[in-house]
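So you can see what is in the structure, the chains are spelled out below.
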Amino acid sequence: MTLILVCVQVILAADEASAARWGALDDVVMGGVSESSMVFGRDAGEDGGPALVFRGRVSTDNSGGFVSVRCKNFEPLLSLAPYEGLALRVQGNGLRYKCIVRTDTNWDGIGFCRSFDTAAGQWQDIFLPFSEFIPVFRAKTLRDGTKLNPSGVASVQIMLSKFEYDGELNPAFKTGLVELPITGIRGYLKQPVTPRFVHVSSAGVTRPNRPGINVDQEPPAVKLNDTLGGLLTYKLAGEDVIRSSGLSFAIVRPCALTEEPAGAPLEIDQGDVIKGKISREEVASLCISLLQQPGATGTTFEIKSTVPFSQPWAPDTPAAARDWAAELEQAGLKRGVTGKTVDGVYTGKQPEGEALKQTAAAV
């Protein structure tokens, strides 16, 4: 089961296919000698995860002084009208960049620009409201009242330039080698950001072929995964697609579903180790609540009742409404925890990238 409130429009994802959509547009078009590219880095992101890296060598020789990468034109044009603006997740380097949005497919036309500063060595979210983009043509501001209409976006460009606008110098510019890792560019909605995509998977999806696991002590779906055509394996692959999509998500992995009423004491955990049962009614209530829980954004977790499987849950009175916000806060959920086994390493209750980095350092 999947609940979608509003899909987030992904413009740049941290994968090789996305990197292939971007090309350099540097000062060589004006006789300069700077050069740049957008490259995929498998471990260039947060916690050793993937990222695209805007990498360039900037020179002011021959009256140059800028590097940029621009994506291929969207076909059809991309409608970002429902969104407040663009959000970038970057590892800063202390420099000031420009984000340029174009609404026509011409190579050299009006670009709507918004400059943004980055903090050296820090991963940060950059929010660029569409209302703050200004119309620019060849680094000169247009003052005819033209405004960005996000309902038809043709392309997006990221630039580092010696100049701001109308001849003013960029106060945070440098020549030489520069790198800006980016894990995502997407349309963002008004804050706070809550899960827009709630997906119900299954407890046990990471357990087939996990090192050291005793399959005989696992639920039937784990024991019979191969017999069932890799059911859990495909469920995990579906999770991975969601986690890498750039969507604002929460993934719920319930243990065995029952027809029992809601209200039993619960355990919420991460790392895919718990076993047991849980009411379908309880899971449905949780999913609806997750759409309003900012703290659950980007998390994957398991849930079960603490009532033994062999003991029916049959309360005398209907359960009171559950305070899901308090339950989720008490669980202390961490983003990036999947419980997967990667290259023979079980990542457990740690964020996946962090666990792999520690393993690599220990070798």
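Before any of the text, the structure's been laid out above.
Residues numbered from 1 in each chain as written. Predicted model: local features only at pLDDT ≥ 70, side-chain atom pairs only at ≥ 80, totals over all residues. Heavy atoms only, no water.

### A short note on the layout of surface pockets
There is about 670 Å³ of room inside the second largest pocket. Met 30, Phe 66, Arg 138, Ala 139 and Met 159 are the residues nearest the centre of the second largest pocket, which is lined by 28 residues in total. Within the residue set of the lining of the second largest pocket, elements represented by two or more residues are strand S8 (96-102), strand S9 (111-117), strand S11 (134-137) and strand S13 (155-161). Among the residues making up the lining of the second largest pocket, the classes are represented as 13 nonpolar, eight polar and seven charged. (1 Å grid on protein atoms, 1.4 Å probe; cavity = no way out; pocket = protein on both sides within 12 Å on 5 of 7 lines; lining within 4 Å. Points joined across faces, edges and corners; volume = space filled by probe spheres on them. Helix = DSSP H or I, 4+ residues; strand = E, 2+ residues; numbered from the N terminus. Nonpolar A, V, L, I, M, F, W, Y, C, P; charged D, E, K, R; others polar.)

### Brief notes about the pairing of S9
Burial within S9 is extensive, with five of its seven residues counted as buried. Bridging between S8 and S9 involves six bridges; their strand directions are antiparallel. Within S9, the residue paired with Cys 99 across the bridge is Arg 114. Pairing of S9 with S11, which is carried by three bridges, proceeds in the antiparallel orientation. (Buried < 20%, exposed > 50% of the residue type's maximum accessible area, 1.4 Å probe, protein only. Pairing = 2+ DSSP bridges.)

### Quick look at the packing of aromatic side chains
In total, this model carries four aromatic pairs according to the counting rule given. Put simply, the rings of Phe 54, Tyr 97 and Phe 116 touch in pairs and so form one group of aromatic residues. One residue, Arg 322, lies across the ring of Trp 324, its end atom 5.4 Å from the ring centre. (Phe/Tyr/Trp six-rings, centres within 6.5 Å; stacked < 30°, edge-to-face > 60°. Lys NZ or Arg CZ within 6 Å of the ring centre and 35° of its normal.)

### Points about a nonpolar patch on the surface
Taken together, Val 28, Val 29, Met 30 and Trp 107 make up a surface patch of nonpolar side chains, about 450 Å² in accessible area. Within the element layout of this structure, Trp 107 appears in the loop between S8 and S9. Given a relative accessible area of 55%, Trp 107 falls into the exposed group. (Patch = residues over 30% accessible without salt bridge, like charges linked within 9 Å, V, L, I, M, F, W, Y side chains within 5 Å. Areas by Shrake-Rupley, 256 points an atom, 1.4 Å probe, with all protein chains shown as cover. Salt bridge = Lys/Arg side-chain N within 4 Å of Asp/Glu carboxyl O.)

### Looking at the pattern of salt bridges
Going through the model one piece at a time under the given rule, you end up with 24 salt bridges. Residues Glu 327 and Arg 322 are paired through a salt bridge, measuring 2.8 Å at the closest nitrogen-oxygen approach. Taking the relative accessible area as the measure of exposure, Glu 327 reaches 23% and is therefore partly exposed. On the basis of relative accessibility, which here comes to 21%, the residue Arg 322 falls in the partly exposed class. A single salt-bridge network, built from bridges that share partners, covers Glu 239, Asp 240, Arg 243, Arg 253, Glu 302 and Lys 340.

### Quick notes on the pairing of strand S5 (residues 51-58)
Moving residue by residue along a regular strand, the side chains alternate between the two faces of the sheet. For S5, the buried fraction is high: six of the eight residues fall into the buried class. As judged from the seven bridges shared by strand S4 (residues 35-41) and S5, these two strands associate in the antiparallel manner. Its bridge partner lying in S5, Phe 40 is registered against Leu 52. Relative to strand S14 (residues 176-188), S5 runs antiparallel, the two being bridged by seven bridges. Across the sheet, residue Phe 54 finds its bridge partner in S14, namely Leu 180.

### What to know about empty space enclosed by the protein
For the structure on display, the rule yields one cavity of 30 Å³ or more. Its boundaries defined by the atoms lining it, the largest cavity holds a volume of some 50 Å³. As for the largest cavity, its lining consists of Thr 258, Glu 260, Pro 261, Ala 264, Leu 266, Lys 277, Ile 278, Ser 279, Glu 282, Ser 305 and Trp 313. The element that contributes the greatest number of residues to the lining of the largest cavity is strand S19 (residues 277-279), accounting for three residues. Its residues assigned to classes, the lining of the largest cavity shows five nonpolar, three polar and three charged.

### Structural notes on the environment of Ile 185
Among the structural elements, Ile 185 can be located in strand S14. The spacing of Ile 185 and Val 10 is 175 residues in sequence and 6.3 Å in space, taken between C-alpha atoms. Other than its neighbours up to four places away in sequence, Ile 185 contacts Gln 9, Val 10, Ile 11, Leu 12, Trp 22, Ala 87, Leu 88 and Ile 158. (Contact = heavy atoms within 4.5 Å.)

### Focus: the nonpolar core
In terms of nonpolar packing, the biggest core is built from 38 residues, with Trp 22, Phe 54, Leu 86, Leu 88, Tyr 97, Phe 133 and Ile 158 touching the most fellow members. Residues in contact with Tyr 97, not counting those within four places in the same chain, are Phe 54, Arg 114, Ser 115, Phe 116, Thr 118, Ile 158, Met 159, Leu 160, Val 178, Glu 179 and Leu 180. The next biggest cluster of nonpolar side chains, apart from the first, holds 18 residues, and it includes Leu 286, Cys 287, Leu 291 and Leu 333. (Core = buried A, V, L, I, M, F, W, Y, C linked by side-chain atoms within 4.5 Å.)

### Focus on the environment of Gly 348
For Gly 348, the position within the fold is in the loop between strand S22 (345-346) and helix H6 (352-362). Under the relative-accessibility criterion, Gly 348 is labelled buried at 9%. Expressed as a C-alpha distance, the spacing of Gly 348 and Ala 120, which sit 228 residues apart in the sequence, is 31 Å.

### Focus on the state of the cysteines
Going through the model one piece at a time under the given rule, you end up with zero disulfides. Cys 113 carries a free sulfur, and the closest cysteine sulfur to it, the one in Cys 99, is 8.6 Å from it. Looking at Cys 255, it has no disulfide partner, and the nearest cysteine sulfur is the one in Cys 287, 14 Å off. You can call Cys 255 buried: its relative accessible area is 7%. (Disulfide = S-S within 2.5 Å.)

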